[in-house]
Structure formats: C-alpha cells, structure tokens
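# Tertiary structure, described
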Amino acid sequence: MVATTAANEGVAIGAVELRDIVVHYDKTIALNGISLRIAPGEWLGIIGANGAGKSTLLRAIARLVRYRGSLKIDGRDTESMPRREFARMVAYVPQDPAFPAQMRAIDYVALGRTPHHGYFGAESAQDRERSAALLDRLDMSHLALRQLDAMSGGELQRLVLARALAQEAPILLLDEPTSALDLGRRVEALELVDELRLERRLTVVSTLHDLTLAAQFAERVLLLSKGCAVADGTPEVVLIEETLNRHFDVKVEILRSEENGIVVIPRRTKSKGHRD
Amino acid sequence: MKMFRSGLSALLLLIGVVFWSGSASAGGPPSTAAPHFPMKVQTPNGVVTIKSQPRAIISLSASATEMLYAIGAGSQVKAVDKYSNYPPKAPMTSLDGFSASAEAIAKYKPDLVIVSYDPASFRAQMAKLRIPVIYDPAAPTLAVAYAQYIRLGRATGHLQGALKEVKYLKSRITSIVSSTPQATPGTTYYWELDPTYYSVTSSTFMGQLMSLLGLKSIADAVGVNSNGGYPQLNSEFILQANPTYIFLADSKCCQASAQTVTARPGWSTMTAVANNRILTLDDDVASRWGPRIVTLLQQVANFLKSQQG
Amino acid sequence: MNPSPCRAARSRRAVRTSATSSPVSARTPILVTAVVLLGVTIISTAIGPANLSLTTVIGVLLAHLPFLHFHSSASAMDQAIIWQIRLPRVVLAGLVGSMLALGGASYQGVFRNPLADPYLLGVAAGAGLGATIAIVTPSGFAELLPLAAFAGGVAAVTLTYVVGAKTARSSSSPSIILAGVAVAAIFTAIQTNVQQQHAADLQPVYSWILGSLSVATWWDVTLILPYVVVSAAVLLAHRRLLDVLRIGEQEAFTLGINPNRVRLTVVAAATLGTAAAVSVSGLIGFVGIIVPHLVRLTTNASYRVVMPVSLLSGASFLILADLCARMIEAPGEVPLGVVTAFIGGPFFILVLRSRRSHQGVL
C-alpha cells in the first residue's frame, strides 16, 4: 500500500482512512458508522441535505468532535497523536472563521505557522518569509499590513486559505468555503484551491451546498444522508436524478455538458406565479 | 470604635442638640418627691411617653448601659446588647445594636429600650409595638452627655441619682484637670483609632477631653471637622508632626501596643516612640461617653504627670 | 484618455512585500512605558504630605544604593519617611498595579471578553471574605490579614473551576464564567453576613474593600514579590498563545493549541498574582479593565504588545493614583479605590471618544 510505505518512510502525503466513525450529539446520532479512504491528492466533495452530517464528518476528521471509530492518516492512528503534530497534517477552515478586527493580514496568516513553533510560539524569520510568500501567491501582498476589518469578503476568504496553507499540512478540510461569496468569487476561490491542490499535492475534503460546483471541482463525491454514506463515487455516478430526488427531497434535472461537466438544475414544483 | 462610626451623624445632630441642651438645663427644679409616672421625656426626636416606672429596660448602647448602672437603675435592666460589657454584671445577650430586630427585642417584653444607633424604621416598628425608645446617639460634647444622664434619670425614675452622678462627674473632671500641671503650649498627641491611622480631631468628644488637659491633636491639621472629626491620617504626616504623646485606642481590637508601634518601619524616629511616651488605652473606655470618661481622663492625667515628673 | 478607475483596479499588479515583513513590534511601546514608569516612580517618591525637597529625596535614595557609599545629611526621621514609608508604598503600588493590569489583559485574552477583569472568577469576593474574617477575628490583626485574603481568593477561584468544569461537557469559557458569578455571589453573601454580624468592625472592613496602600511596608513588598514575579513571568510567556486564541477556541484547536490548558494555566497564574496583590492592597477595581483597553486603543490589540505594556502602564497608573490618594486631602487619606475610579473613568471616556468609533476592542 502506498500509504503505509510512506508512513514507514516518515513522509506525510495525505492519505486519510476512516473506519466506522460514529458521532453522537446528546441523544441524536450525527454520523452512523462512516468508513472511507481518501487517496493522497484527491479532492473529495461531501454533499447532502441539511443535517445529513457533512460538517460533522469534516469536524470529526479535524478531531473537533468526539467520535468512536478510528481515523488514520498515512497509516498512523491519530488517537494519541499530539495536537501540534496533527495540526501539521490537517488544516481546517471553518464555515464562519473569526476575524479579529484589529489584526493585520500578515499576522493572521502567520497564525497558521503556530503548529511549527515551540509551545510559547516564538516565530522565526523563516516563518515570516513563508507567510509573506503565501500572501504573494494569493495576490494579497498589497494587503499585508491591512487590518482585517478593512477587508472584503473575498479577500478574507483568500486570507483564511493562506492561513490554512501556512500550516503546510497535506490535508485541507474546507467547510462550505464559498457560502459568503458571490458567483464570481466562488469560482475564483475554488479554482484557486484546485491550483494549490495540484501545486502542493494537497488532499482536499470539502463540503459544498452547490451541487454543480461540487461536480465541477471535486473528483469524487460522497453523498451523506442522515449520518450515513449513501453514495460514493465520481460526480457522474453519484449525481443522478433519482438519488438527488430522494435524498434532497427535490426534483432535479441533470444536464451533462461536454465542457462544464454536470449541471444540476432544480425544478420548481409550481410554475411561476402570475397575477390574474 | 463606636463613636467613630457615629461621627458623621453626631455632626448632623449637633444642630438639633444645640437647641435641646438649652431646654435640658432649663428643665425645671429637681423634684425631691418620688418619681411620678406617666412621664413625658423630652428627647431630640420628640417626646417619649413612659407609662410607669420601667422594670424591664433593654439597653442596646454600651454607654447607656454604663450610665444606667451609674445612676442606680441597674436593677431595672433586663437585657443589654453584646457590646455592653461593663459593668460585668449587666445581663448581656446576643442582641446587636446595629442590626436589632424589633421582634427579637419584643421577645424580652421590654418597657423601655435605649439605643445609640437608629437604623431605618426601627423606632417606627417599636412604636407599633408600643415600646418606648430613647435614642441617645454618641454625645458630641460633655454637655450633651450630661443631658443624657438626666434624661435617663427621668425615664427610669432615678432623676436624683442622675443629678448626683452628673455632679460627681463634673467635680471629678475639674479636680483632675486642676491637679494636672498645665501642658506647655504646643503639646500634641496622636490618638490612634486603628492601625490604618484613623485618628480623632480636637472637635470630637475625646478630643475635647484632651483639650481640657491642654493637649492638641495632630489630626487638627486635616481640618477639625474632616470626616466628622475622624480622619484617616497619612503616616508620613504623623512622623513629621512628631506628636509629644501617642495614645493607642486600638489595643483590644487590633493588638496595638508600644511594642508594635515601635516596630513599625520608620516610627522609631519619632521622639514619642524613642522615649516611650506611648499610652495604651482600653478601646471601650476610650470610645464611650459614659461614667468611665473620668477613668480615661485620670489615666491620661497620671500619664502626663509621670512624663513630666 | 484616462483609463477608467475600474479597469485600473482590475489590472493592479501584486506588489511583493519584503520577505521579512515584521511581526507586531512591541519594542517601542515597551520602551516608552518603561521610561514613563521610571519618571512616575521618581515623581511619586518625591512628593508627599511631608514636604521634603527633591534633593533630600534623591540623597536618601542614593544613600541606600549598595555600592555608592553615599551619605545623606537628612535627619533620621526624613530618611525614615522616604525609605520606610514612601518608597515601599510606591513600590507596592507599582507591583499591585502591574499585576492587576496584566491579570486583566490575560483574562480578556483567555475569555475573549472585553469586560473580563481579574476579579471575574471570584478572587475579589474570596479575598474579601478572607479579609473580613481576619478583621473580625479577635487575634492577630496585621499579619493574618494578607494571608487570609490570599487564601480566600485562591479558594474561590478553585471552587469556580471545580464547579464550572463539572457542569459542562467540556470546560468551556461561558460555563466557567457563570460558575465564577455564582461563586462570587455566594462568597459575597457570606462576607456581607459576617460583616454585619460584627458591625463594630464595619469601618476597617469597608476600608479594606475600598482599597488602600496607607500602611504599605517593605514586608508587604517581600510578601507578594515572589507571587507577582512568577505570575507575571508565566502570563507574559503566554502572550503569543493568547494572540492565537483571538480567533476562537475551535480554530485554535485546529492550529495545535489546547485552549483548555492555556486557559487553566493563565487563570491559575493570574489568580495567584491577583490574590497576592489584593491581599495587601484591598480590592482596587478598575485597573484590570481600563488599563488594558487604554493600551489597546493607543497601541495595538496584539497580546504581544498589550501584555507587557499593560504591566508597565498598570504600575504607572496605580502609582499616580496613590499619589493622588495621599495628596488630595493631605494630610488625610482618600481610599485608593475611589481615586482609581475617579481619575480612570473620565480619562477612559476621553480616549474612547478621540479614537475612531469602529476600532474594535479585541
């Protein structure tokens, strides 16, 4: 297995293996035994209706919720892995990141270097160089000294990405990375993630509400419903009408376009209202 | 400690008392007949009617307790509060003059209650229970203290005893003062109420007693009426003022003594400390305006004599 | 023809930042506040109800420096005033002020709440209870008081943590704060009860609660110095971690930090230091909230700056406040807690109004 040899060599390459992950929230079961393997460099898009468990699954992988079952990264069990080491392997971008108003962009990105510091977090010149380089890569060098409260939504989106990349972790978890962006910014952001994924050989796991974008960018799609994995495969395989009708409780039409892949069109149940 | 607390209220009452003290001294010729009840007693807060000679008096004022026993009304005292520790035979209870509950007092079935502190609506509650209350706060002057004796004498049927006591006090004070050599002008003292340097000015009751002996409080420099006569002094100032004598009125509450004072950093540079011109007073004696003021005065006078001899 | 501004914006090229764009610099603010502290210390030592000239003061101070062999011609009393009475008071004010301000900044960092102050988890109520018990107990007034106050403060916060950690799934900030409110209420109720039952001692209890340094001695300084030094060292060491916590506990987790452990360590250190400080000074309020905010408004919100600068500014602030406390009604004293509120409040309002209104506080 590629994953285990890499682990033996001590090189992180970003293979994720989940086995029977179960998550409880009080009395309800949020994830009911999810098992899957994610290959290094893959982009897995997790889709599903509200409450299906998409965010929960992501948070389980990020070790932000308590779960039963096993999570292995590059063949290594993560249960007893120290948090700092884990943070060098998995970077997590939440749906609503907090942006302290008076922090400067460069300092915000530098936070991503925390897992590479000692306990009391003294940063080195190398850390600062890397943060600056990331800002540059994301076309934000001119914003380096700007405070977060003076930046637009799109800029903040890229900034969070920069911070996550600063962790230099091979696995990138994105929870609804485009929810606050307009259409143009959405495409921009996802293109950027794809570029970086290929550039740096990142494994990307994202949750996305927009099924069309999910189909366009993720190589593999996992459909969750009520805490269970009900479909797993390429977008063509997963995004078919009956499946979506059933699990999203909505009638859809699927268009397959040569250039743009799969387009999911929701159907209105009633025709547009007319005034008589 | 008690008078210190009532300092501010004492100041406010000064106005009322000034009017009253006039009527007190003009209270008519002393009657040699047996006390006749019902009695209407004049107080600064109005007239208190006492139906018959009280036989179950409750005193919630340590000074009043001492006065009652001094004028001969001790046998009529049924209960005293927990601070009334003199005379020892007074029937002490756990009543507290500062948080007296009308119910708790009523349980003793008193026919007269004496307080030196009047929390809100206490007297009104007592009035509802038809229990007469005499409110005698800390006396700001000797004249007011004497008037309190007279009032208690009238209220308890011991006017004769009260007059005798007042006469005795006056003569004792006069003799103590005259037998003490006149202090040289500029003789000062530092009167310590607590180890955080609260003191008394010459305008307070104790300050006035000390003035009789020709002594001036260093606290006067702050303003004679500062904080009602009980200002907190700065220790630098105390050192520099270099008082002739030091009187410690916090020996019981706070273990102050000549030794502790000498041990205070910097205090050994004061001449009073270096020459041990420190007098330790009993906290209670030094804070009450009852019959033991002559004890206090005598103690200070003896101390002054010994210092000069 | 001028290109439209929209087109110009689209074609804006990225400007490369220098590879070593610096982190938030704390050096200048620290230097400035240190110099201010030095100045304030000298001024405060030179002024007092006992009118001593500046040369006398400096002479006495020099005479006490170990290697100079300088002899002061001041009288024994003047020397005692400066060295035994005034200087320990100034030093104690500095220690207490620095600890309260640093503790306040630390609590604000760990609870991400601008109103958090070092008394949040009950240390004030606990110290108040300890002090009250010591005052009304009829034995050993002077020496027992600081120890009782310290023990009370530490006990209260410990109880808060025990209660708070048991009542939530994870010991989260809100649950601990609520536990702190409850514990503080209980301790305050007990304290008030004890105080009322010993109404004859009302005055010293209130005096302590209002805060005062009027009886400061070198003994008090040596008593609290180890706690303040250790506490400050631990807290300052955590300043970068507090910066990371600014993005929230969840995100901090994903960056490899354990927010619970950071919170516990910071709270423990701040509590020890604060309990020590109030044990000798009484409950001086206001410093822990206002000083860190003043620092944020005038410098930077990063804890790398706020923590050390708050430490130095808190010292200056309280030294000046104490100077007022002993000079306003000289030779009488004004309670220190009253002064800190009276001078701090309006000053803070002034600074608040002069800054841009949208500047955040965390």
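What counts and how
Residues numbered from 1 in each chain as written. Chains lettered and ligands numbered in written order. Predicted model: local features only at pLDDT ≥ 70, side-chain atom pairs only at ≥ 80, totals over all residues. Helix = DSSP H or I, 4+ residues; strand = E, 2+ residues; numbered from the N terminus. Buried ≥ 20, exposed ≤ 12 C-beta atoms within 10 Å, placed from the backbone. Contact = placed C-beta atoms within 7 Å. Expected span 1.5 Å × (residues − 1). Pairing = 2+ DSSP bridges. Axes fitted to C-alpha atoms, helices over the stretch in contact; angles between N-to-C directions. pLDDT = per-residue confidence, 0-100. Core = buried A, V, L, I, M, F, W, Y, C linked by C-beta atoms within 7 Å. Parallel < 35°, antiparallel > 145°, perpendicular 65-115°, else oblique. Left-handed = near helix turned anticlockwise from the far one by under 90°. Nonpolar A, V, L, I, M, F, W, Y, C, P; charged D, E, K, R; others polar.

## Re the overall build of chain C
Within chain C one finds 15 helices and zero strands. Looking at chain C as a whole, 53% of its 362 residues qualify as buried. The contacts of chain C with a sequence gap of at least 6 include a subset with a gap of at least 24, amounting to 76%.

## A short note on the overall build of chain B
Assigned secondary structure in chain B consists of 13 helices and 10 strands. A sequence separation of at least 24 residues applies to 62% of the contacts in chain B between residues at least 6 apart.

## Here's the deal with helix α12 (residues 259–281) of chain C
All names here are of chain C. In a regular helix each residue adds 1.5 Å, so 23 residues correspond to 33 Å; α12 covers 32 Å between its end C-alpha atoms and thus fits that length. Here α12 lies mainly inside the structure; 18 of its 23 residues are buried. After α12 finishes, the residue glycine 282 shows a positive phi value of roughly 80°.

## Notes on the sheet that holds strand β7 (residues 171–175) of chain A
Residues and elements named next belong to chain A. Taken in spatial order, the six strands of this open sheet run β6-β7-β8-β3-β9-β10, and their pairing is mixed. Since the sheet does not close on itself, it has two edges, and those belong to β6 (90–93) and β10 (228–233), each with one partner. On average, each strand axis in the sheet is tilted by 15° relative to the strand beside it, whichever way the strands run.

## Considerations on the confidence of the model for chain C
All names here are of chain C. When pLDDT is averaged along chain C, the result is 85; 88% of the residues meet or exceed 70. For chain C, helix α1 (residues 5–10) is the element with the lowest average pLDDT, namely 39, and helix α9 (residues 218–237) is the one with the highest, namely 95. Every residue in residues 1–20 is under pLDDT 50, and counting partners more than four places away or in other chains gives 19 contacts. This complex was scored by the predictor with a pTM of 0.82 and an ipTM of 0.87.

## Looking at the sheet that holds strand β10 (residues 278–280) of chain B
Taken together, four strands build an open sheet; the order of strands is β8-β7-β9-β10 (chain B) and the sheet is parallel. This sheet does not close on itself; its edge strands, each paired only once, are β8 (216–217) and β10 of chain B.

## Quick notes on the nonpolar core
One finds Ile61, Val90, Ala105, Val109, Leu135 and Leu173 of chain A together with Val113 of chain B to be the most contacted residues of the largest nonpolar core, which totals 274 residues. With 19 residues, the single largest contributor to this core is helix α4 (residues 76–111) of chain C. Those residues in contact with leucine 173 of chain A that lie beyond four places of it in its chain are Leu58, Ile61, Ala62, Val90, Ala91, Tyr92, Val93 and Val205 of chain A.

## Here's the deal with the interface of chain A and chain C
Taken residue by residue, the interface counts 34 residues in chain A and 29 residues in chain C. Put simply, the parts of the chain that give the side of chain A that touches chain C at least two residues each are α3 (83–87), α4 (105–110) and α5 (125–137) of chain A. At six residues, the largest contribution of residues to the side of chain A that touches chain C is made by α5 of chain A.

## Regarding helix α15 (residues 336–354) of chain C
Residue and element names in this part refer to chain C. For α15, built from 19 residues, the straight-helix expectation of 27 Å at 1.5 Å per residue is met to within 8% by its first-to-last C-alpha distance of 27 Å. Every buried residue of α15 is accounted for by Leu336, Gly337, Val339, Thr340 and Gly344. Against the buried residues of α15 lie α8 (202–210), α13 (287–298) and α14 (303–327).

## Comments concerning the environment of asparagine 258 of chain C
Residues and elements named next belong to chain C. Counting through the fold element by element, asparagine 258 comes out in the loop between α11 (249–254) and α12. Classification of asparagine 258 as partly exposed rests on a count of 16 C-beta atoms within 10 Å. Sequence separation between asparagine 258 and leucine 241 is 17 residues, and the spatial gap between their C-alpha atoms is 9.8 Å.

## Re the packing of helix α6 (residues 153–166) of chain A against helix α7 (residues 183–200) of chain A
Residue and element names in this part refer to chain A. The N-to-C vectors of α6 and α7 enclose an angle of 15°; their axes lie 10 Å apart at closest approach. With respect to α7, the element α6 is oriented roughly parallel. Pair α6 / α7 crosses with right-handed handedness. Between α6 and α7, the residues in contact are Gly154, Gln157, Leu161 and Leu165 and Arg185, Ala189, Leu192 and Leu196, respectively. Tallied by class, the residues present in the contact of α6 with α7 amount to five nonpolar, two polar and one charged.

## Focus on the interface of chain B and chain C
Listed as interface residues are 29 residues of chain B and, on the opposing side, 30 residues of chain C. Those elements that provide at least two residues to the side of chain B that touches chain C are α1 (2–5) and α9 (235–241) of chain B. It is α9 of chain B that contributes the most residues to the side of chain B that touches chain C, five residues altogether. Partitioned by chemical class, the residues of the side of chain B that touches chain C number 14 nonpolar, 10 polar and five charged.

## Remarks on the environment of glutamine 208 of chain B
Residues and elements named next belong to chain B. Within the secondary structure, glutamine 208 is located in helix α8 (residues 205–212). Note: C-alpha distance between glutamine 208 and glycine 157 (51 residues apart in sequence) is 30 Å. Residue contacts for glutamine 208: discarding those within four places in its chain leaves Thr141, Leu142 and Ser202.

## Re the pairing of strand β9 (residues 245–248) of chain B
All names here are of chain B. Residues Tyr245 and Phe247 line one face of β9 and the alternating positions Ile246 and Leu248 line the opposite face, and both faces are buried. Where strand β7 (residues 188–192) lies against β9, four bridges are found, and the strand directions are parallel. Bridge pairing links tyrosine 189 to tyrosine 245 in β9. When β9 meets β10, the two strands line up parallel, connected through three bridges. Directly across from phenylalanine 247, in β10, lies its bridge partner leucine 279.

## Points about the pairing of strand β3 (residues 43–48) of chain A
On a regular strand, one side chain projects to one face of the sheet and the next to the other, so that they alternate. All names here are of chain A. For β3, the buried fraction is high: six of the six residues fall into the buried class. Strand direction decides the pairing type here: β3 and strand β8 (residues 203–207), joined by four bridges, are parallel. Along β8, the bridge assignment pairs leucine 44 with valine 205. Sheet topology note: the β3/strand β9 (residues 220–225) ladder contains five bridges and is parallel. Residue pairing in the sheet places isoleucine 46 in a bridge with leucine 222 of β9.

## Observations regarding unusual backbone geometry
Of note, the amide linkage connecting phenylalanine 37 of chain B to proline 38 of chain B takes the cis form, showing an omega dihedral of 0°. Within the element layout of this structure, proline 38 of chain B appears in the loop between α2 (7–25) and β1 (39–43). The peptide bond linking tyrosine 86 of chain B to proline 87 of chain B adopts the cis configuration, its omega dihedral lying at -5°. Secondary-structure assignment places proline 87 of chain B in the loop between β4 (77–80) and α4 (102–106). Its identity is not glycine, yet aspartate 26 of chain A carries a phi of approximately 50°, on the positive side. Relative to the assigned elements, aspartate 26 of chain A resides in the loop between β1 (16–25) and β2 (28–38). The residue asparagine 242 of chain B is not glycine, and still its phi comes out positive at about 45°. Take asparagine 242 of chain B: it is sitting in the loop between α9 and β9.

## Digging into the packing of α14 of chain C against α15 of chain C
Residue and element names in this part refer to chain C. Two elements in contact, α14 and α15, have axes separated by 9 Å at closest approach and are oriented at 115°. Where α14 crosses over α15, the two elements pack in a sense that is right-handed. In this structure, α14 uses Ala321, Asp322, Cys324 and Ala325 to contact α15, whose residues at the interface are Leu336, Val339, Thr340 and Ile343. Of the residues that constitute the contact of α14 with α15, the class distribution is six nonpolar, one polar and one charged.

## Observations concerning the confidence of the model for chain B
Here chain B shows a mean pLDDT of 87. Residues at 70 or above account for 88%. Contacts of residues 22–32 of chain B to residues separated by more than four positions or lying in other chains number seven contacts, the stretch itself having pLDDT below 50.

## Remarks on the environment of glutamate 129 of chain A
All names here are of chain A. Turning to its location among the elements, glutamate 129 is positioned in helix α5. The class of glutamate 129 is partly exposed, set by 14 C-beta atoms lying within 10 Å. Here the alpha-carbon distance between glutamate 129 and threonine 234, two residues 105 residues apart in the chain, equals 39 Å.

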